[in-house]
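Listed below, chain by chain, are the residues.
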Amino acid sequence: MSDTTGPETSDALLGPADIRELAAALGVRPTKQKGQNFVIDANTVRRIVRTAGVRPDDVVVEVGPGLGSLTLALLEAADRVTAVEIDDVLAAALPATIQARMPARADRFALVHSDAMLVEELPGPAPTALVANLPYNVAVPVLLHMLERFPTIERTLVMVQSEVADRLAAGPGNKVYGVPSVKANWYAEVKRAGAIGRNVFWPAPNVDSGLVSLVRRTEPLATTATRQEVFAVVDAAFAQRRKTLRAALAGWAGSPAAAEEALVKAGISPQARGESLTVEEFARIAEAKA
């Protein structure tokens with residue numbers, strides 16, 4: 001990689017002054033409503049790319065590129081980068097930023113101007129990695145949508161609010177283990193991959209951020225139940241966390257007795273609670289009812 005990042009890219013990354021200048025030129029004021037916090041530290045974006053294990057042959061999809069600080073670092077390391085941006089002003093400006101700061105790589109960049117939740121396909125070769133600084137309010141749904149829609153994504157690294165990172169990476173029995181943990185685990189092996197301080201963002205958020213690594217399962221979960229069937233059990237089990245599974249799954253199964261029957265058949269105690277179950281056990285419950 002070092003050979004390809006000659007003089008052209010060594011200063012290509014955006015620093016705090018560049019970010020503020022770009023934002024001022026575009027009349028962009030980061031808004032809480034869009035969850036916009038721009039990364040202004042080149043070392044941090046390089047660390048994210050390194051932690052993500054981006055390789056020279058990777059096709060990376062980035063959600064929410066903003067002004068392009070992470071985009072440039074990804075373009076420096078990957079074969080291609082496709083960025084998905086919902087904001088009109090930011091989407092319009094990004095190709096020019098890439099062209100100005102990394103002209104030799106500009107033909108390896110593609111922009112999709114859309115809400116990531118609505119993206120069903122991407123231009124060019126299939127993505128192999130997803131790397132993103134996800135807005136706090138939509139992080140989990142966006143992540144799950146991308147993993148479901150693009151099965152070729154093998155490695156994912158997302159920067160999210162610290163407590164979201166904890167929830168995604170939690171295991172059974174952990175008090176923050178819940179729907180995001182189980183659903184992410186359906187697709188991948190999930191773990192915390194580091195913490196990010198507040199001072200690398202503009203504006204500085206009032207919460208800490210964390211990195212979460214997701215490595216897709218090489219073999220899908222062994223179950224005859226569909227993803228939708230398994231996720232329906234997960235949603236029902238955690239909708240009323242304090243209840244036993246016999247009670248929590250009553251609506252899903254049709255009655256408490258039917259829920260108990262499915263649980264016993266799956267080899268799970270009707271008195272257990274959702275937070276003690278693995279994704280494999282949720283799949284067994286879905287199979288038992290089917």
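About the cut-offs
- Residues numbered from 1 in each chain as written.
- Predicted model: local features only at pLDDT ≥ 70, side-chain atom pairs only at ≥ 80, totals over all residues.
- Heavy atoms only, no water.
- Helix = DSSP H or I, 4+ residues; strand = E, 2+ residues; numbered from the N terminus.
- Rg over C-alpha atoms; globule rule 2.2 N^0.38 Å.
- Buried < 20%, exposed > 50% of the residue type's maximum accessible area, 1.4 Å probe, protein only.
- Contact = heavy atoms within 4.5 Å.
- Core = buried A, V, L, I, M, F, W, Y, C linked by side-chain atoms within 4.5 Å.
- Pairing = 2+ DSSP bridges.
- Right-handed = clockwise from strand over helix to strand, strands pointing away.
- Salt bridge = Lys/Arg side-chain N within 4 Å of Asp/Glu carboxyl O.
- Axes fitted to C-alpha atoms, helices over the stretch in contact; angles between N-to-C directions.

Enquirer: I'm lost on the overall build of the protein in this one. Help?
Expert: When helices and strands are tallied, the protein shows 13 helices and 9 strands. Rg of the C-alpha trace for the protein: 21 Å, near the compact-globule value of 19 Å for 290 residues, within the 12% margin. Overall size of the protein, expressed as C-alpha extent along the three principal axes, is 65 × 35 × 30 Å. Within the protein, the fraction of its 290 residues that count as buried is 50%. In the protein, the share of contacts with a sequence separation of at least 24, taken over all contacts with a separation of at least 6, comes to 71%.

Enquirer: How should I be thinking about the nonpolar core in this particular structure?
Expert: Generally speaking, nonpolar side chains in soluble globular proteins are found buried as a group. Residues Leu 134, Leu 214, Val 230, Leu 249, Phe 282 and Ile 285 are the most contacted members of the largest nonpolar core, which totals 60 residues. What Leu 134 contacts, discounting residues up to four positions off in sequence, is Val 63, Ala 139, Val 142, Leu 143, Val 158, Met 159 and Val 160. Residues Val 39, Leu 94, Ala 129 and Leu 157 belong to the second largest nonpolar core, which totals 41 residues.

Enquirer: Explain the environment of Val 264 to me, please; I cannot follow it from the model alone.
Expert: Along the chain, Val 264 turns up in helix 12 (residues 256-265). The spatial distance from the C-alpha of Val 264 to the C-alpha of Glu 189 is 28 Å, given a sequence separation of 75 residues.

Enquirer: Even after reading the chapter, I still don't get the pairing of strand 2 (residues 59-63), so can you show me in this structure?
Expert: Looking along a regular strand, one sees side chains alternate from face to face of the sheet. For strand 2, the buried fraction is high: 5 of the 5 residues fall into the buried class. Of the two faces of strand 2, both are covered, the one formed by Val 59, Val 61 and Val 63 as well as the one formed by Val 60 and Glu 62. In this structure, strand 2 lies alongside strand 3 (residues 80-85), joined through 5 bridges in parallel fashion. Note that in strand 3 the partner of Val 63 across the bridge is Val 84. In this fold, strand 2 hands off to helix 4 (residues 69-77), which returns the chain to strand 3; that crossover is right-handed. The pairing of strand 2 with strand 5 (residues 129-133) spans 2 bridges and is parallel. Looking at strand 5, one finds that Val 61 is bridged to Leu 130.

Enquirer: I keep staring at the pattern of salt bridges and nothing clicks. Help me out?
Expert: Pairs may arise between side chains of opposite charge once their charged atoms sit close together. Applying the stated criterion across every chain, the model contains 15 salt bridges. Notably, a salt bridge pairs Arg 108 with Asp 79, separated by 2.7 Å at the nearest N-O pair. Residue Arg 108 is located in the loop between helix 5 (88-101) and strand 4 (109-113), and its partner Asp 79 is located in the loop between helix 4 and strand 3; the two are separated by 29 residues in the primary sequence. By relative accessible area, Asp 79 is classed as partly exposed at 24%. Between Arg 227 and Glu 148 there is a salt bridge, with its nearest N and O atoms 3.6 Å apart. In this pair, Arg 227 is assigned in helix 9 (residues 227-239) and Glu 148 in helix 6 (residues 139-149), connecting sequence segments 79 residues apart.

Enquirer: Could you clarify how one ought to interpret the environment of Pro 141 in this entry?
Expert: Inspection of the secondary structure assignment puts Pro 141 in helix 6. In this structure the C-alpha to C-alpha distance between Pro 141 and Met 117, which are 24 residues apart in sequence, comes to 7.6 Å.

Enquirer: I'm lost on the pairing of strand 9 (residues 209-216) in this one. Help?
Expert: In terms of burial, strand 9 is largely enclosed, as 7 of its 8 residues are buried. Of the pairings in the sheet, the one linking strand 6 (residues 155-161) to strand 9 comprises 7 bridges and is antiparallel in character. Each bridged residue has a counterpart across the sheet, and for Thr 156 the counterpart in strand 9 is Leu 214. Where strand 7 (residues 188-196) lies against strand 9, 7 bridges are found, and the strand directions are antiparallel. Residue pairing across strands places Glu 189 opposite Val 215, the latter belonging to strand 9.

Enquirer: Would you take a moment to explain the sheet that holds strand 5 for this structure?
Expert: Each strand in a sheet pairs with its neighbour through backbone hydrogen bonds, running either in the same direction (parallel) or in the opposite one (antiparallel). Judged by pairing direction, the sheet is mixed, and its 7 strands sit side by side in the order 4-3-2-5-6-9-7 without closing on themselves. Each edge of the open sheet is held by one strand with a lone partner, namely strand 4 and strand 7. Taking each pair of neighbouring strands and ignoring which way they run, the sheet shows an average axis angle of 20 degrees. Packing of helix 3 (residues 42-51) onto the sheet brings it into contact with strand 5, strand 6, strand 7 and strand 9, and relative to strand 7 it is tilted by some 160 degrees.

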